[in-house]
Amino acid sequence: MIVQSSIGTFGKQEISVLELLDKLSSGKFERDAEARGILQQPGSFSLDDILGENDEDINDELILMHTSQQEKQQEYLISLSNTPSTPNKPTFDRIPSERSSPTNEQRRSRSNSRLSLVSLASRKTGFDTEATHKRRQKYGPVVKGHIVRRLSQVLASSTTRNTSGLPAVMAICPAYMAIGTTRGLILLFDVQHALRMTLGGSDSGLSAGAVTAADLSYDGSRLLVGYERGLVVRWETSTGRILNKITDAHSSPILHVTFTDDRRLIVSHEAKGTVHMHNFKRVMGLRTSDRTCVVHADRKAVSTMKVLKYNSHSSPANFVLMAASSLSDLHIILLCPELKVVRTLRSPNTAGASLSCLAWNLVPISSKENNTTIMQPVLAMTWGSSIVFIKATPKMSDCTVSPLKRQYDSDVPIVAISWMSDHVVMALDTNEHAHIIDIQSNTLVDMLDLSRSELVFNTRFTKEKLGSNLMALDDKSWKERVTSLVKQGMYVKAITLGLSFYNGTALATHNMPQNAAKRRTVVKDFMINIIDTYVDLSLASNSLLEEKTIFDVDKNTTENQNGETKELFADIASEQEVSGNRQQSLREIDSRFKDIVNLVINSFLEIDAEDFLFTVIFDKLTLHQVAISAFFDALSPLILEEKISYLPPTVMKAFVEHLKNRNRPDIVEECVIRMDVTTMDLHQMVSLCWEYKLFDAMIYIYNQGMNDYITPLREMMQLLQASIRARSADVIAGGSLQEFLNDQERELGYKLLLYISFCLAGRAFPRGDIPRDRVRRVRWEVYRFVLMQHGEQGESSSYPYLRSLLYFDTKEFLNVLSIAFDENDLHAQSTDTGPALPSRQVVVETLLFVMVKDNKGHRMLFSPEQVCHLFTFIARQVSKHDNVISVDRALFDQVLRRLTTTDLGKKDEQEQALLGLLDAGGMEQFDTEKLLATCEQAGFYMVCERVYAIQGRYSDIVFCYLRDKFRNHLVFPYIHRCLVQQRIPPSEIQKIKQATIDHLQDFVRISPQDTAKLILKCFRPQLSIVVANVNFRQLADRLSANPDLHYEFLKHVFKQRDSIPDDKVDEIPSDLEMKYLGVMCRNHPTHVYTYLRQHDGLNCEQCLVLTKRYKLTDATAWLLEKMEKFLEAFALMRAALIKQLGSYNQAFENLENHMLENKLTSPPSPDSRETHIKSFKKFLSILIDMMERCSDKMSEAERRNIWCQTLEALMESQQLMKTKLQRTANDYAILMNMHMKELVRHMAVFVDPPAILHLIMSGDNTWTDRFDDIRDLVIGMLETYNYERTQLQATNFIVQNDVFSLMEDRQRAIRHAYSSTQRCDVTHQVLCGNSNTNDDIVMLRSGHCMFLNSLPRIPRRFQRQSNPSIASGNTNHLQNALTESSDSAKPTSEEYYEDHESYLRVLMDTQKEEYEENFDPQRMKHDLALERFKLWEQHTRSSKISKPYVGSQRRQAIASRPS
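Everything numeric in this text was worked out from a predicted model, so none of it was measured. (Residues numbered from 1 in each chain as written. Predicted model: local features only at pLDDT ≥ 70, side-chain atom pairs only at ≥ 80, totals over all residues. Heavy atoms only, no water.)

**Student:** Describe in detail the pairing of strand 28 (residues 443–449), supporting the description with residues and values.
**Tutor:** Counting buried positions along strand 28 gives 7 out of 7 residues, so the element sits mostly inside the fold. In terms of strand pairing, strand 27 (residues 433–438) meets strand 28 through 6 bridges, oriented antiparallel. Within the sheet, the bridge partner assigned to His435 lies in strand 28 and is Met447. Hairpin remark: strand 27 followed by strand 28, antiparallel, with 4 residues in the connecting loop; positive phi at Asn442, about 55°. (Buried < 20%, exposed > 50% of the residue type's maximum accessible area, 1.4 Å probe, protein only. Helix = DSSP H or I, 4+ residues; strand = E, 2+ residues; numbered from the N terminus. Pairing = 2+ DSSP bridges.)

Here it is, written out as structure tokens:
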């Protein structure tokens, strides 16, 4: 991108440079749409085509500033003056180059002198230096700037200014650069910036004013120039002659002229907004052109346009695409092969009144169909402060356009945009900040502040002095970006950025090889040098820091020791402080080295440079103790994550020695098994493994390094045998050897079993596979070692190794053999790959000999569980491999006898072992009857269940559950499954039911709830029907011998019945419920009252007999109440109340006497009155509930009588006890007042308050003597009265407000006026003032109006099938009239209105007959019109007919006469 002081774009508006600069400086630029719309879009080009070798970097006003957080240089601002730059100044990079290195004093003075200027620029333009600094630390400086000195000097010379004028426009191609001036001349420069020729002027006969637009063809042979007065000229650059002149196309200054890919076809755009397409051709030797108007200013004024150019890329034949933008629209226009608008996009509302900036480029886009990348045209366009991207896809003779999802948003409007590469865009905003955007990730990677560069945006040429420096902005190569960070000392950021280039994840890349392999090779060599330098500098700086820390600490320590005036305690404290400071400093150094080493190792691994890491870098780190320690610490996790699988021998030896010194052998083992054995010192590693018992590493080294699979097995077996011999024979024979081994010994044993399993399966331990040619040999060696009859150490017992493995864990070792037996090549014949392996029969016979046959003469015996594991293994193998393994059945009987005749403490384990044997196929090896008899005698009921299930004897399984006291609760789900699922024979179902009936007491004893649920759900169809000759009543009678079981069973039966829905409950005999009620009255009398209240369907007479027999007062009163014998029920309850009061008072008297005898002042604990108080309170609550229920059905006198008698009883009791009690009188009075207050509260609902007060105030004593007792009662009554009065007032107030609001709303609705249309919305006739019609008008709330007769006719089928409520009764005369008056034929359009007249007449006649006396024809017609409209509206809703003049919402119709 090249920015020049006098290069601009002419707009439609006339505005001077000074005015524009004033707006820029005053801040009005952002608000001025005219100024924003006339800014130029800088073009893009390659610096290799423009800049010469002698051009120096831009350096005029480089500002450096130091931050307080980091002592690093930070590039802040680049500013260009109007005068040519001078040499020998700092370069564009942060750190000055060697050719112009200022001193520290010069750099510091320059930074200090310009710090205020930088701050001012930052405040003025809003440039975020901190964010830019962070971006450049992450991505590196992406853009570099240059002054094109040779061109700038030519343009700035007085000769050029006097003869040619000031620069105005510029055009660039790979061969030439053309600069148009204000005097109408064109200066043509070559790639060396030498002036080739000057075009135009008076010699050419052109007097069209200043050059306002220019463009060069891609090959540089043609130059297109637009002038201020609308002239367009095509030049030939090789000869300097004019080829074509277009004089009659434009009448205003040319804003844009551009070639297409065909240099004979051009597009021109003038300031008025018109766009023309010109096609140059030769006719009879004469050069002419055809003009086509693409966009005319009268229809749509174009402000910006851009033509797609493929340039060096292969373009579709005869395809020209253009983007043209106005203030509000963007048009993608296809110029060739035919002229048409492909797509139009509207400007969003957020864009404001700013002009758009356009830029085409070919961008690689991935295709999802064939996974390829193709170059497609993409338009970058600005909408205000946003950049959007639009993709164009050329086709045969057409083009499709689709916006991409990427969008970049800036804080301020954007005035210029240009492509720097196929995925990087540069945008310039109104604050003159250049945004560098990577469009693939939609990320802002860099930003330059050009506000101090004094850029000139020109609209009209004047004689004011303009700048003449040309500044070129180009993206830096990836090496320059990394080097820039290195020069600033940001090695970590530089390495991170370099790795992103290596991986292909970097943003805004330039000059990077496209091939991935080549790219990685180039970046790898470059990054190795940077990382190597970083290591050297880090080691040097941290070594100096460590030496300085140690020197300072030693110096302070020496001074403290030589100080004679300090006391002893002060010296000790000082020494401790110095030691703490030294440790803190050393920890910081260690942490710093860890970060450095981690970065270095990960970087070398990522670029695949491990050789350089473990040679050059390792040698440098070994010179520093802290660094090499951090290096080894960083290697461990990388090896464990398998990122490193190879270490040179020297590194591996040092690494193992380091971990050994750190006492971390576990890490050594984990790392060794993941490394290449060829790099290890085997003697060192084997010694270390035996020293620390690293069995995994030892096996790995022997197997992979020495190809030896038996030595580690032999060494580990010896250790295991030594551990077993250290235990007693009883421990070993009991099968609990593992409980007496420590963790290390158990780990050894299981690792040995795992190693044997791997070898027999052909797998390498602990990872990988054994070579195929060695698999059979390894298996043979392992089998031979394990099955060795006489050990290598001269053991006395036979098969010592096999016996040791069986002693350790029989089950797991047999599992190992089971896996090995599954191999198909386990046969006795030798093959080419190895010797013959032992057969399965040989292995089984050896196991039987060791565990069963050879135990008689040895002390070490195997437990029954271990033997059972063996036979389970054998049975499973026999079932898997038919006719391969044969075993004597007598051995199985021996196993059964040993399992069922041993210690009962292990009964569960032995039973599970026998079940495992049966599941493995051992059932065929036993006599079934003998097995059942033996297991029943031993209590192995699960085994019996398994055998019975195999034999189909399902009813016998019930007895197994009943006999097993630990599993008897499982009998209920078992019977439920058998009876509900119906998967067993009917005979067995009958036996199960019979067994259930015969052992019903056992079932109830286990769980009465589950028994009741089982009986109700499974014994169907009806419980009253005989089941196995026993009905439900007889089932209950079987439990009558045990009252408790009988009651529990019946209780849960009826509880289950109540919890099941009525339609799913089987009928239960009513006499059975009476029997249950009798049992409840006898055993649990307190539950009877509650049960009776919850069950209303009982026979009251029968229940009354039971309750009277057992003297249950509350239950009897309840039954009498149900029989509506209220007075009898109350008399019974009143007698019970007197009795309860007597017991209640007696409790207080007893406590009073006890306190007097013992001279107590307070009641003892526990209080003996508590039970009587609770009982009386409960009874009083029952009595009050009964009186409340009875009061609604009694007369007023009876109601007053029962409540008053109850209250009198309480008052008399209180008066009586007042004379008997002294120390407990206060307690009695409080409780009794509480009871009376509760009674009066309920009593006030049914008895008048005066009657209550009269009862309270009457009596033998005076009123004053009893007022203290009744004061609480009276206050309570008054409070109830006040509460009810307040509630009534509030209710009346709410009702009155609701009625008033409703009436007010209705009156307001009646008085509301509705606006209407002037004509009928159906017939379009005038509503008012039309003398030809006298029809009613229907007006809706929406304002739509229509004549009543204009409504569509209602079909006959709807009249019959409409709302039934309308057709029923005599109230709806409309439906009846419609039915009578409608005929079968559909009326014609001429008969439409006549038919509706007869329709209304029939309705009126019908109403007149019924209401002859008070008949109002006008009111009747009004009502009928409303009914008809409602019926029509209902019809349209049900038939889903659209009503365009009514609207989508339901509305209320209002009928009125026309005025």
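**Student:** Any details on the environment of Glu1152? Residues and values, ideally.
**Tutor:** As for its placement among the helices and strands, Glu1152 is situated in helix 41 (residues 1126–1158). Residue classification places Glu1152 among the buried positions, given a relative accessible area of 3%. Along the sequence, Glu1152 and Gln1222 sit 70 residues apart, while their C-alpha atoms lie 7.5 Å from each other. Those residues in contact with Glu1152 that lie beyond four places of it in its chain are Lys1220, Leu1221, Gln1222, Arg1223 and Thr1224. (Contact = heavy atoms within 4.5 Å.)

**Student:** Break down the sheet that holds strand 26 (residues 424–429) for me, citing the residues and quoting the values.
**Tutor:** Judged by pairing direction, the sheet is antiparallel, and its 4 strands sit side by side in the order 25-26-27-28 without closing on themselves. Each having just a single partner strand, strand 25 (414–421) and strand 28 make up the two edges of the open sheet. On average, each strand axis in the sheet is inclined to that of its neighbour by 20°, with strand direction left out of account. (Axes fitted to C-alpha atoms, helices over the stretch in contact; angles between N-to-C directions.)

**Student:** Could you give an account of the pairing of strand 23 (residues 386–394), with specific residues and numbers?
**Tutor:** Two faces make up the sheet, and in a regular strand the side chains alternate between them. With respect to burial, strand 23 is a largely interior element, 7 of its 9 residues being buried. As defined by bridge partners, strand 22 (residues 372–383) adjoins strand 23 across 6 bridges and the pair is classed as antiparallel. The residue of strand 23 that forms the bridge with Leu379 is Ile390. Following strand 22, the chain reverses through 2 residues before pairing antiparallel with strand 23; Gly384 in that reversal takes a positive phi of roughly 65°. Pairing of strand 23 with strand 24 (residues 399–409) involves 8 bridges; the strand directions are antiparallel. In the strand pairing of strand 24, Pro394 is matched with Cys399. Here strand 23 hands over to strand 24 after 4 residues, the two strands then running antiparallel side by side.

**Student:** Quick rundown of the pattern of salt bridges? Include the residues and the values.
**Tutor:** For the structure shown, the criterion picks out 40 salt bridges. Arg1200 serves as the salt-bridge partner of Glu1196, at 3.3 Å between the closest nitrogen and oxygen. Of this pair, Glu1196 and Arg1200 both sit in helix 43 (residues 1196–1220), 4 residues apart, which is roughly one turn of that helix. For Glu1196, a relative accessible area of 44% puts it in the partly exposed group. Through salt bridges with shared partners, a single ionic network connects Arg222, Glu236 and Arg241. (Salt bridge = Lys/Arg side-chain N within 4 Å of Asp/Glu carboxyl O.)

**Student:** Lay out a nonpolar patch on the surface in plain terms, naming residues and giving numbers.
**Tutor:** A cluster of nonpolar side chains, namely Val1295, Val1299 and Met1303, defines an oily patch on the protein surface of about 260 Å² accessible area. Structurally, Met1303 is set in helix 46 (residues 1263–1311). Taking relative accessible area as the criterion, Met1303 reaches 45% and is therefore assigned partly exposed. (Patch = residues over 30% accessible without salt bridge, like charges linked within 9 Å, V, L, I, M, F, W, Y side chains within 5 Å. Areas by Shrake-Rupley, 256 points an atom, 1.4 Å probe, with all protein chains shown as cover.)

**Student:** Before we move on, can you summarise the sheet that holds strand 24 with the specific residues and values?
**Tutor:** Across the sheet, which stays open at both edges, the 4 strands sit in the order 21-22-23-24 with antiparallel pairing between neighbours. The open sheet is flanked by strand 21 (358–367) and strand 24, the only strands paired with a single partner. Direction aside, the axes of adjacent strands within the sheet are offset by 35° on average.

**Student:** How would you summarise the environment of Glu691 if you had to cite specific residues and measurements?
**Tutor:** Tracing the backbone through its elements, the reader meets Glu691 in helix 16 (residues 682–692). A residue is classified by how much of its surface remains accessible, and Glu691, at 46% relative accessible area, is partly exposed. C-alpha of Glu691 to C-alpha of Pro665: the two residues are 26 residues apart in sequence and 9.6 Å apart in space.

**Student:** Please give an account of the nonpolar core that cites residues and values.
**Tutor:** Soluble globular proteins tend to bury their nonpolar side chains together. Core analysis: the biggest nonpolar cluster contains 253 residues, and Phe631, Leu635, Leu647, Leu847 and Leu1077 have the highest contact counts within it. With 10 residues, the top contributor of residues to this core is helix 13 (residues 625–640). Other than its neighbours up to four places away in sequence, Leu647 contacts Phe614, Leu635, Ile639, Met652, Phe655, Met675 and Thr679. With 21 residues, the next largest nonpolar core counts Tyr176, Leu188, Leu199 and Leu216 among its residues. (Core = buried A, V, L, I, M, F, W, Y, C linked by side-chain atoms within 4.5 Å.)

**Student:** I'd like to hear about the confidence of the model for the protein chain, residue by residue, with values.
**Tutor:** Residue-level pLDDT values for the protein chain average 75, and 73% of them are 70 or greater. Segment residues 550–573: pLDDT under 50, and 11 contacts once partners within four positions in sequence are set aside and those in other chains are kept. Counted against residues more than four places away or in other chains, residues 1357–1404, with its pLDDT under 50, gives 65 contacts. (pLDDT = per-residue confidence, 0-100.)

**Student:** Please provide a residue-by-residue account of the packing of aromatic side chains, values included.
**Tutor:** Counted according to the given criterion, the structure contains 28 aromatic pairs. Aromatic side chains Phe972 and Phe1003 sit 5.7 Å apart centroid to centroid with 70° between the ring planes, which places their arrangement in the edge-to-face category. On the criterion of sequence distance, the pair formed by Phe972 in helix 31 (residues 971–981) and Phe1003 in helix 33 (residues 1000–1006) is long-range, its members being 31 residues apart. The residues Phe972 and Phe1003 share a single accessibility class, namely buried. (Phe/Tyr/Trp six-rings, centres within 6.5 Å; stacked < 30°, edge-to-face > 60°.)

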